[in-house]
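Fold and contact review
Next come the chains, spelled out residue by residue.
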Amino acid sequence: MQSSVRPEDQPATPRAEIESRLTVELATVVAGARRRALRDGDRQIDTAHLLHSVIETDPEARSAFDGGPQLAKVLGYLVQRSIGYGLRWQGSVEDSGALPVVREAGVAGWSPCAVTAMEYALARAGERGDPRASGRDLLAALAADRGCRAVEVLMHAGVDVEVLADRLGQEPSRQVS
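In short, a report on the structure. (Residues numbered from 1 in each chain as written. Predicted model: local features only at pLDDT ≥ 70, side-chain atom pairs only at ≥ 80, totals over all residues. Heavy atoms only, no water.)

Let us look at the overall build of the protein chain. The helix and strand inventory of the protein chain stands at nine helices and zero strands. When the helices and strands of the protein chain are read in sequence order from the N terminus, they spell out α-α-α-α-α-α-α-α-α. The burial tally for the protein chain puts 50% of its 177 residues in the buried class. In the protein chain, the proportion of contacts linking residues at least 24 apart, taken out of those at least 6 apart, comes to 70%. (Helix = DSSP H or I, 4+ residues; strand = E, 2+ residues; numbered from the N terminus. Buried < 20%, exposed > 50% of the residue type's maximum accessible area, 1.4 Å probe, protein only. Contact = heavy atoms within 4.5 Å.)

Bringing the pattern of salt bridges into the picture now. Here the structure, examined in full by the defined rule, presents seven salt bridges. A salt bridge links Glu56 to Arg36, with the nearest nitrogen and oxygen atoms 2.6 Å apart. With Glu56 in helix α3 (residues 47-57) and Arg36 in helix α2 (residues 24-40), the pair connects residues that are 20 residues apart, well separated along the chain. According to the relative accessible area criterion, Glu56 is partly exposed, its value standing at 44%. Since its relative accessible area comes to 10%, Arg36 is described here as buried. (Salt bridge = Lys/Arg side-chain N within 4 Å of Asp/Glu carboxyl O.)

Below, the structure written as structure tokens:
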């Protein structure tokens, strides 16, 4: 699988283009992530918002986890986000190092890591000949960026992201520094 890192001079995919290439289920995930970001007082959808929403709404994405107890622990960390765990993230831009934090061509309302995850999900779908990305594509994209907030949550919950990536049918991915 190709890296999801975009060259610095290549503009981010416009939000409308990203959202037009999602399955109905994944569009629901994005809408849920947007509502969660607004409710949490965050300026942008980040990868933890996407992770929370995809787990809540997509049974196929949930099936990649190692059962109910693991899912419950991940959701527990995600719920804690608004009451303390994620407060250190509020007001900051999520940046795993895969992209420069300040980009003229960024996508309004999305962290750079969230844009990269969606682009990766779309590319993954395209590689299998599907014009639309699914929740499993998004989960694979989130697991692929070892420096993003979603992976931080997964690791704190005891999820082996390498095993998760294998279940999702992708190679273990890049380590972003």
